[in-house]
Amino acid sequence: MAAPALELKGISAGYGRIEVLHDVSLSVPAGTVYALLGPNGAGKTTTMLVASGYVRPTAGCIHVAGSHVNRVAPENLAKAGVCRIPEGRGIFPNLTVNENLRMFTYSSPFSTSEVQEKSYARFPRLGERRNQLAGTMSGGEQQMLAMSRALVADPGILLLDEISMGLAPKIVSELYELVGQLAQEGISILLVEQFARTALAVSDYAAVMTGGRIAMVGQPADVADFVNEAYLGGAA
Ligand code: ATP
């Protein structure tokens with residue numbers, strides 16, 4: 001059996017002297033979508049930051065496709081196939097859509113024109129706005145551009161942090177269509193989402209975090225029941 005795409009074992013981590021994650025373990029099997037749910041401040045984003053090398057754990061191990069990667073710098077983890085689409089989009093606001101896509105292709109296996117073709121086929125709206133400064137686009141359009149990074153990277157594990165943040169339901173469902181498509185292409189995905197139901201609909205596994213600990217791991221249906229009882233994130 002293939003090694004998990006991402007495995008965290010007994011992770012403790014935090015900011016300065018404040019420990020935020022306490023003994024967090026999770027395993028994203030290769031080719032699956034794994035949702036990480038939980039109330040505000042539970043430690044979901046911190047978990048993503050640990051997985052992508054931006055926050056160093058004070059205890060525990062991180063494995064990517066079976067290789068131990070504690071202390072590996074974020075840029076080297078990116079080369080090893082860890083692609084994070086950060087909360088707040090992670091695009092270049094003062095560059096056009098075309099220029100952003102060109103920046104994304106830096107150290108990518110795909111050429112700029114291939115990436116533009118793929119992105120514009122997936123999101124025609126981006127094609128229409130190819131010469132517009134990214135920072136002047138709507139939130140949804142900016143998120144589409146951010147998600148195009150995943151089409152560029154051919155990632156081993158894709159980390160998606162609250163891609164629905166502040167967006168209209170129609171845009172959210174377009175973005176989740178892409179998530180479903182990437183999953184069908186065999187990309188392993190760990191996603192953090194405030195809308196539990198939206199996330200569970202595309203997930204193979206899910207975990208609920210509370211207070212910096214994993215409170216439950218299971219199949220989406222079991223987790224949905226737990227979420228509804230544990231906090232109000234199941235409202236959408
Ligand atoms: P949300 O759903 O609100 O985004 P989350 O589950 O992603 O929350 P985190 O962002 O990981 O939670 O935050 C977990 C805890 O760590 C919170 O108490 C937060 O205040 C704290 N925290 C996050 N970032 C920092 C930081 N840079 N410095 C100090 N504390 C931080």
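Fair warning: this is a prediction, and the values are worked out from it, not measured in the lab.

So, how was this worked out
Sequence order sets the numbering: in each chain, residues are counted from 1 along the sequence as written. Local features in this predicted model are restricted to residues of pLDDT 70 or higher, and side-chain atom pairs are both shown and tallied only at a pLDDT of 80 or more, whereas totals for entire chains, interfaces and linings draw on every residue. No hydrogens and no water enter the side-chain calculation; it runs on all heavy atoms of the structure. Every helix listed is a DSSP run of H or I at least four residues long, and every strand listed is a run of E at least two residues long, numbered separately from the N terminus. Only C-alpha atoms enter the radius of gyration; for comparison, a globular chain is expected to reach 2.2 Å times N to the power 0.38, where N is the number of residues. Two residues qualify as a contact provided that any one of their heavy atoms is within 4.5 Å of a heavy atom in the partner residue. What sets the accessible areas is the Shrake-Rupley method with a 1.4 Å probe; for residues, cover comes only from the shown protein chains. Note on pairing: DSSP must find at least two bridges between two strands before they are called paired. Think of each axis as a best-fit line through the C-alpha atoms, taken over the contacting stretch in the case of a helix, with angles from 0 to 180 degrees between the N-to-C directions. Residue ranges for the domains originate in an automatic or database domain assignment. The term buried area denotes the loss of accessible surface (1.4 Å probe radius) that occurs when two parts are joined, taken as the sum for both partners. Salt bridges are defined as contacts in which a side-chain nitrogen from Lys or Arg sits within 4 Å of a carboxyl oxygen from Asp or Glu. Any pair of nitrogen or oxygen atoms within 3.5 Å is treated as a polar contact; in protein, a donor-acceptor pairing is required on top of that, and neighbouring residues in sequence qualify only through side-chain atoms on both sides. Three classes are used: nonpolar for Ala, Val, Leu, Ile, Met, Phe, Trp, Tyr, Cys and Pro, charged for Asp, Glu, Lys and Arg, and polar for all others, with Gly counted as polar.

A. Broad picture of the overall build of the protein. When its secondary structure is counted, the protein shows nine helices and 10 strands. In terms of overall size, the protein behaves like a compact globule, its C-alpha atoms giving a radius of gyration of 17 Å where 236 residues would be expected to give roughly 18 Å. Its C-alpha atoms put the protein at 45 × 40 × 40 Å along the principal axes. At a minimum sequence separation of 6, the contacts of the protein that also span at least 24 residues come to 67%. For the protein, the computed accessible surface area is about 10800 Å², with 51% contributed by carbon and sulfur atoms.

B. Broad picture of the sheet that holds strand β1 (residues 6-15). The four strands are arranged β2-β1-β4-β5 in an open sheet whose pairing can be described as antiparallel. Among the strands making up the open sheet, the edge pair consists of β2 (18-28) and β5 (67-68). As paired strands, β1 and strand β4 (residues 59-64) are joined by five bridges and run antiparallel to one another. By the bridge assignment, Leu 8 is partnered in β4 with Ile 62. Those strands touched by helix α1 (residues 44-51) are β1, β2 and β4, and its axis lies near 115° from that of β1.

C. Representation of the domain arrangement of the protein within the structure. Segmentation of the protein into domains returns domain 1 (6-81 + 155-231) and domain 2 (92-147). The distance between the C-alpha centroids of domain 1 and domain 2 comes to 25 Å. Between domain 1 and domain 2, the contact holds 10 residues from the first and eight residues from the second. In total, about 870 Å² of surface goes out of reach between domain 1 and domain 2, with carbon and sulfur atoms giving 69% of it. At the boundary of domain 1 with domain 2, the tally comes to two salt bridges. In this structure, Arg 125 and Glu 174 form a salt bridge, with 3.9 Å as the shortest nitrogen-oxygen distance. At the boundary of domain 1 with domain 2, the tally comes to one residue pair in polar contact (both at pLDDT 80 or more). In terms of residue count, the dominant contributor to the side of domain 1 that touches domain 2 is helix α7 (residues 169-184) (seven residues). Each residue belonging to the side of domain 1 that touches domain 2 can be placed in one class, and the counts come to seven nonpolar, one polar and two charged.

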